[in-house]
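Each chain, letter by letter, is given below.
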Amino acid sequence: MAGRHHRAVVATTSAALLIGGLAVVAAPPASAASRVTFCFTWEGNGFDGVQRSGTPYADEPVYLVRVVNGKKTTLRSARTDRNGCGEFRTPRNVRVFVRAATEIGHTKTGGTAVDFWSGRTRSAAPGDFPAVRRATVTHRSSISAISGPRR
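The structure presented is a predicted model; accordingly, all values stated were derived computationally and were not measured.

Draft legend 1. Fine view of the overall build of the chain. A tally of regular secondary structure across the chain gives one helix and seven strands. Along the chain, from the amino end to the carboxyl end, the secondary structure elements read α-β-β-β-β-β-β-β. The buried share of the chain, taken over its 151 residues, is 30%. Expressed as a percentage of contacts within the chain between residues at least 6 apart in sequence, the contacts between residues at least 24 apart total 61%. When the accessible surface of the chain is summed, it comes to about 9,900 Å², and 55% of that surface belongs to carbon and sulfur atoms.

Encoded structure:
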(Lines give C-alpha, C1' and ligand atoms only; values in the text may rest on other atoms or scores of the structure.)
Protein backbone atom coordinates (compact mmCIF):
# COMPACT_ATOMS: atom_id res chain seq x y z
CA MET A 1 0.00 0.00 0.00
CA ALA A 2 2.86 2.36 0.79
CA GLY A 3 4.24 1.76 -2.72
CA ARG A 4 0.93 2.72 -4.33
CA HIS A 5 0.68 5.88 -2.19
CA HIS A 6 4.27 6.83 -3.11
CA ARG A 7 3.55 6.37 -6.85
CA ALA A 8 0.39 8.48 -6.58
CA VAL A 9 2.29 11.32 -4.86
CA VAL A 10 5.06 11.19 -7.48
CA ALA A 11 2.51 11.15 -10.33
CA THR A 12 0.55 14.06 -8.82
CA THR A 13 3.72 16.08 -8.19
CA SER A 14 4.99 15.41 -11.72
CA ALA A 15 1.67 16.46 -13.24
CA ALA A 16 1.67 19.67 -11.17
CA LEU A 17 5.22 20.49 -12.22
CA LEU A 18 4.43 19.77 -15.86
CA ILE A 19 1.31 21.95 -15.83
CA GLY A 20 3.10 24.70 -13.90
CA GLY A 21 6.08 24.52 -16.23
CA LEU A 22 3.84 24.86 -19.27
CA ALA A 23 2.10 27.82 -17.67
CA VAL A 24 5.44 29.56 -17.15
CA VAL A 25 6.53 28.91 -20.73
CA ALA A 26 3.20 30.07 -22.14
CA ALA A 27 2.95 33.22 -19.97
CA PRO A 28 3.75 36.52 -21.68
CA PRO A 29 6.74 38.51 -20.39
CA ALA A 30 5.79 40.60 -17.36
CA SER A 31 7.69 43.64 -18.62
CA ALA A 32 8.31 43.60 -22.36
CA ALA A 33 9.40 47.24 -22.29
CA SER A 34 10.90 48.41 -19.05
CA ARG A 35 14.01 50.36 -20.08
CA VAL A 36 15.70 52.15 -22.93
CA THR A 37 19.48 52.33 -23.20
CA PHE A 38 21.14 55.07 -25.25
CA CYS A 39 24.48 56.65 -26.25
CA PHE A 40 25.07 60.09 -27.77
CA THR A 41 28.11 61.59 -29.49
CA TRP A 42 28.75 65.15 -30.59
CA GLU A 43 28.52 65.88 -34.33
CA GLY A 44 30.03 69.07 -35.70
CA ASN A 45 31.49 72.02 -33.82
CA GLY A 46 29.90 75.12 -32.40
CA PHE A 47 31.12 78.68 -32.64
CA ASP A 48 32.95 78.46 -29.31
CA GLY A 49 36.01 76.96 -31.01
CA VAL A 50 35.94 73.66 -29.05
CA GLN A 51 36.42 70.56 -31.21
CA ARG A 52 33.70 68.11 -30.13
CA SER A 53 32.80 66.14 -33.24
CA GLY A 54 32.94 62.36 -32.65
CA THR A 55 33.47 62.61 -28.89
CA PRO A 56 31.01 61.29 -26.28
CA TYR A 57 28.22 63.59 -25.12
CA ALA A 58 29.58 63.13 -21.58
CA ASP A 59 27.91 64.41 -18.40
CA GLU A 60 25.24 66.30 -20.35
CA PRO A 61 21.44 66.51 -19.98
CA VAL A 62 19.05 64.01 -21.58
CA TYR A 63 15.27 63.67 -21.39
CA LEU A 64 12.92 60.69 -21.69
CA VAL A 65 10.01 61.74 -23.90
CA ARG A 66 6.70 59.85 -24.22
CA VAL A 67 4.74 59.99 -27.48
CA VAL A 68 0.97 59.40 -27.38
CA ASN A 69 -1.14 60.26 -30.45
CA GLY A 70 1.62 62.54 -31.70
CA LYS A 71 1.76 64.51 -28.44
CA LYS A 72 5.20 64.58 -26.77
CA THR A 73 5.58 64.79 -23.00
CA THR A 74 8.88 64.88 -21.10
CA LEU A 75 8.71 62.22 -18.38
CA ARG A 76 12.07 62.69 -16.64
CA SER A 77 15.59 63.98 -17.06
CA ALA A 78 19.07 62.70 -16.25
CA ARG A 79 22.70 63.19 -17.29
CA THR A 80 24.82 60.93 -19.48
CA ASP A 81 27.82 59.06 -18.12
CA ARG A 82 31.42 59.72 -19.22
CA ASN A 83 30.81 57.65 -22.37
CA GLY A 84 27.75 59.69 -23.37
CA CYS A 85 25.46 56.80 -22.45
CA GLY A 86 22.69 56.07 -19.99
CA GLU A 87 19.48 54.22 -19.35
CA PHE A 88 15.94 55.18 -18.42
CA ARG A 89 13.27 52.95 -16.93
CA THR A 90 10.21 53.39 -19.10
CA PRO A 91 6.48 53.08 -18.68
CA ARG A 92 4.88 50.09 -20.36
CA ASN A 93 2.77 50.31 -23.51
CA VAL A 94 3.91 53.74 -24.72
CA ARG A 95 6.27 54.91 -27.44
CA VAL A 96 9.30 56.84 -26.14
CA PHE A 97 12.54 58.43 -27.33
CA VAL A 98 15.50 60.06 -25.60
CA ARG A 99 16.27 63.70 -26.37
CA ALA A 100 19.60 65.37 -25.73
CA ALA A 101 19.65 69.16 -25.50
CA THR A 102 22.16 71.59 -24.07
CA GLU A 103 23.24 75.22 -24.27
CA ILE A 104 26.91 76.17 -24.09
CA GLY A 105 27.75 79.75 -23.27
CA HIS A 106 31.10 81.25 -24.23
CA THR A 107 32.86 84.58 -24.59
CA LYS A 108 33.24 86.20 -27.98
CA THR A 109 34.94 89.44 -28.91
CA GLY A 110 32.73 92.25 -27.67
CA GLY A 111 30.29 90.05 -25.75
CA THR A 112 29.01 86.58 -25.06
CA ALA A 113 27.33 83.93 -27.15
CA VAL A 114 25.37 80.74 -26.59
CA ASP A 115 25.50 77.67 -28.82
CA PHE A 116 22.38 75.45 -28.88
CA TRP A 117 22.82 71.69 -29.43
CA SER A 118 20.25 68.91 -29.65
CA GLY A 119 19.59 65.41 -30.94
CA ARG A 120 17.33 62.43 -30.29
CA THR A 121 17.22 58.69 -30.58
CA ARG A 122 14.75 57.02 -32.88
CA SER A 123 11.56 56.22 -31.05
CA ALA A 124 11.00 52.85 -29.44
CA ALA A 125 7.75 50.96 -28.97
CA PRO A 126 7.14 48.45 -26.18
CA GLY A 127 9.05 45.26 -26.86
CA ASP A 128 11.87 46.65 -29.03
CA PHE A 129 14.20 47.88 -26.25
CA PRO A 130 17.08 45.38 -26.13
CA ALA A 131 19.35 47.32 -28.50
CA VAL A 132 21.25 50.45 -27.49
CA ARG A 133 19.83 53.52 -29.23
CA ARG A 134 22.68 55.55 -30.74
CA ALA A 135 22.31 59.16 -31.84
CA THR A 136 24.23 62.37 -32.37
CA VAL A 137 23.94 65.82 -30.82
CA THR A 138 24.28 68.51 -33.49
CA HIS A 139 24.91 72.25 -33.31
CA ARG A 140 21.56 73.93 -34.10
CA SER A 141 22.12 77.66 -33.69
CA SER A 142 23.93 80.42 -31.82
CA ILE A 143 22.93 83.71 -30.25
CA SER A 144 25.40 86.53 -29.64
CA ALA A 145 24.77 89.27 -27.12
CA ILE A 146 26.78 92.40 -26.44
CA SER A 147 27.75 92.38 -22.77
CA GLY A 148 28.84 96.02 -22.50
CA PRO A 149 27.25 99.33 -23.57
CA ARG A 150 27.47 100.11 -27.27
CA ARG A 151 29.44 103.15 -28.41
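Draft legend 2. Local environment of the nonpolar core. By size, the foremost hydrophobic cluster in this structure holds 16 residues, and its most contacted members are Phe40, Tyr57, Val62, Phe88, Val98 and Val137. Taken together, the elements giving at least two residues each to this core come down to β1 (35–43), β2 (61–68), β5 (95–108) and β7 (133–146).

Draft legend 3. Fine view of the state of the cysteines. Scanning the model with the defined rule gives one disulfide in all. The disulfide bridge from Cys39 ends at Cys85, spanning 1.9 Å between sulfur atoms. Looking down the S-S bond of the Cys39 and Cys85 bridge, the torsion is 105°, so its handedness is right-handed. Taken as a pair, Cys39 in strand β1 and Cys85 in strand β4 (residues 85–89) lie far apart in primary sequence, 46 residues in all. Assessed through its relative accessible area of 16%, Cys85 is described here as buried.

Draft legend 4. Quick peek at the environment of Asp59. Along the chain, Asp59 turns up in the loop between β1 and β2. Judged by its relative accessible area of 47%, Asp59 falls in the partly exposed class. For the pair Asp59 and Cys85, spaced 26 residues apart in the sequence, the C-alpha separation amounts to 9.0 Å. If we ignore the near neighbours within four places in the chain, the residues touching Asp59 are Arg79, Thr80 and Asp81.

Draft legend 5. Highlighting the pattern of salt bridges. Taken as a whole and assessed by the stated rule, the structure comprises three salt bridges. The partner of Arg35 in a salt bridge is Glu87, with the nearest N and O atoms 3.8 Å apart. One end of the pair, Arg35, is in strand β1; the other, Glu87, is in strand β4, with 52 residues separating them in the sequence. By relative accessible area, which is 45% here, Glu87 ends up partly exposed. Of the charged contacts in the structure, one is a salt bridge between Asp48 and Arg52, with a shortest N-O distance of 2.9 Å. Grouping residues by exposure puts Asp48 and Arg52 together as buried.

Criteria and thresholds
- Residues numbered from 1 in each chain as written.
- Predicted model: local features only at pLDDT ≥ 70, side-chain atom pairs only at ≥ 80, totals over all residues.
- Heavy atoms only, no water.
- Helix = DSSP H or I, 4+ residues; strand = E, 2+ residues; numbered from the N terminus.
- Buried < 20%, exposed > 50% of the residue type's maximum accessible area, 1.4 Å probe, protein only.
- Contact = heavy atoms within 4.5 Å.
- Areas by Shrake-Rupley, 256 points an atom, 1.4 Å probe, with all protein chains shown as cover.
- Core = buried A, V, L, I, M, F, W, Y, C linked by side-chain atoms within 4.5 Å.
- Disulfide = S-S within 2.5 Å.
- Salt bridge = Lys/Arg side-chain N within 4 Å of Asp/Glu carboxyl O.

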